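Structure assessment
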Amino acid sequence: MQLYLPIAEVSVNAFLLLGLGGIVGFLSGMFGVGGGFLITPLLFFIGVPPAVAVATGANQVVASSVSGVLAQLRRKAVDFRMGTVLLIGGFAGSGVGIWVFQWMTRLGQVDLFVQLSYVLFLGLIGAMMLQESLRSWFRAQKGGPVRRSHVHTWVHGLPLKMKFRASGLYISVLPPLAVGALVGFLAAIMGVGGGFVMVPAMIYLLGMPTKVVVGTSLFQIIFVTAFTTFMHAVTSQTVDILLALLLIIGGVIGAQVGTTVGVRLKAEQLRILLALLVLAVSVKIALDLLIRPGELYSVMPGVLP
Amino acid sequence: MRGLAILSLMAALVALPAMGSEGIVAGMSQNRVSITASFDGSEILIYGAVKRDAPAPEGPMEVIITVEGPATPVTIRKKDRRAGIWVNTESVEVDAAPSFYAVATTGPLRSILTETEDLRHRISLPRVIRAVGAATEAGDPADFIEAMQRIRLNEGRYRVLQGGVEFTEQTLFRSDIVLPSNLTEGEYRVRIFLTREGRVVDAQDRVIGVRKEGLERFLFNLSREQPWAYGILSLVLAAFAGWAASAGFRLIRP
């Protein structure tokens, strides 16, 4: 069934969109990533203009995150206090990120900058996660002593301590604020919710239990992407509500299924899978940069700012 | 008074042969296209006949039909290898390039239209695109314009339909032009040319209005006129859908 999208101004297959939304929603519910880093390239691929894809992708992530958070909430796996602290850091970071983005745009190298940060951060995080999760998986298989979920380091000596009951942590608010700021900064530059950076950072830097990480990350993503969607709708008018609706219907169902599957998997398995996914996207972007493209030229409607 | 009218009519008739005594009588299957939610491209039939006051002169007559979509600004970018990676380097901005252009003919354009006539009427694809103003930032904008032509031909936005006009008995002509599903709103200009020995004998202009209708119109207008309301609507929709899915699944699996 073909459907004409009023803002994107293309006609696409409605079932294809439902399917795309479903896949991304599934991953979102399972790993706690918003899926922005997947949905945007997929939309490019089916012919949606890039600006519309970025803005509408953010709108879809809002829906799947709400659905995912509600599912996690039933399992009491959302740390609202931690989420709020991360969010405060996040807004500060994205403010700086938007400023840097504009500065890079003026220099005319924003594309390269965005792609390189994708490769660098996705590759680094993916490799680190894979290495760590594989090691703990093998250790669990051998039946040796399980490593403690968090180790006391200099981080625990910082002032302004706060109790995060849902995470079982009593740490300074400074590290979560810094993590939030870093993710907000990356989100603004790379145009994604930042879940794939947030999830590993919560596990490894803050020492949060994997159980609450997914819900807390999604809680935080709702607000970041809602803000992004709204800004796009007001400033560039590139949110296609009909496209979003189809992606959302697929996405919210996928998120529920993903959450159910995610609960059945072991924490190490979940991390290995997310690491592989992140690495795959990173390798794909790296190849795009290294291999000579078939068509050197590209045509974009509109004039560059 | 009446004498004057007859005189001017006669003058017009005398003047006619100089412009060619052959004229176009044309029609179209529709002069407006509505883009609704189920819009999936549209086919326009352009038909007509050659009207003659005298027997046809020697030599074959040819027909050219063009359809041109509204012009939009376009940025063409080129990738280059810098320090081992492929990045966009140079770009050319074109103020106004047609969002759609189809040219259907009875034969090869080069043999039925002279260069001068093409230059004057801007019929062939390179002429149409070259006519647009390009802001030069790169060394050679011609390469960029040519690349745009190639890319848009591949996308089906630009079409060259050689032999796309049926011409019966040197009198009746018809052509089906397919408008793609990714249409831009606006006025589509249809031009019909009669040529003989490469010269344009007569030309006619028509307009097809392409407009979003119904839900498409409503959503588009809302997004432009009330972006705040539109943004909030998108978010409410997303939040509601997220909640509904969660609540629905709880019913299925308590």
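Attention in this report is confined to the structure presented alongside it. The structure displayed is predicted, hence computed values, not measured ones. (Residues numbered from 1 in each chain as written. Chains lettered and ligands numbered in written order. Predicted model: local features only at pLDDT ≥ 70, side-chain atom pairs only at ≥ 80, totals over all residues.)

**Overview of the sheet that holds strand β7 (residues 101-105) of chain B**
All names here are of chain B. Ordered in space as β2-β13-β12-β4-β7-β9, the six strands form an open sheet in which the pairing is mixed. Because the sheet does not close on itself, it has two edges, and the strands there are β2 (32-35) and β9 (158-162). The mean angle between the axes of side-by-side strands here comes to 15°, regardless of whether they run parallel or antiparallel. For strand β4 (residues 61-68) and β7, the ladder comprises five bridges, and the chain directions are antiparallel. (Pairing = 2+ DSSP bridges. Helix = DSSP H or I, 4+ residues; strand = E, 2+ residues; numbered from the N terminus. Axes fitted to C-alpha atoms, helices over the stretch in contact; angles between N-to-C directions.)

**Some thoughts on helix α5 (residues 141-155) of chain B**
All names here are of chain B. Compared with the 21 Å implied by 1.5 Å per residue over 15 residues, the 21 Å span of α5 between its first and last C-alpha is a close match. For α5, every residue scored as buried is listed here: F144, I145, M148, Q149 and R152. Buried residues of α5, viewed axially, fall in a sector of 140°; they line one side. With its phi angle positive at about 85°, G156 sits one or two positions after the end of α5. (Expected span 1.5 Å × (residues − 1). Buried ≥ 20, exposed ≤ 12 C-beta atoms within 10 Å, placed from the backbone. Arc of directions from axis to C-beta.)

**Observations concerning the pairing of strand β3 (residues 42-52) of chain B**
All names here are of chain B. Note that strand β1 (residues 22-28) and β3 share seven bridges and pair antiparallel. When the sheet's bridge partners are listed, G23 is paired in β3 with K51. Across eight bridges, the pairing between β3 and strand β11 (residues 172-179) is antiparallel. Bridge pairing in β11 places S42 opposite L179.

**Some remarks on unusual backbone geometry**
Most peptide bonds take the trans form, and the phi angle of most residues other than glycine is negative. All names here are of chain B. Positive phi, close to 55°, is recorded for E169, a residue that is not glycine. Residue position: E169 is located in the loop between β10 (166-168) and β11. Judged by C-beta crowding, with 7 C-beta atoms within 10 Å, E169 ranks as exposed. Phi is positive for E197, close to 50°, though the residue is something other than glycine.

Such coordinate-based values are descriptive only and should not be taken to indicate function.
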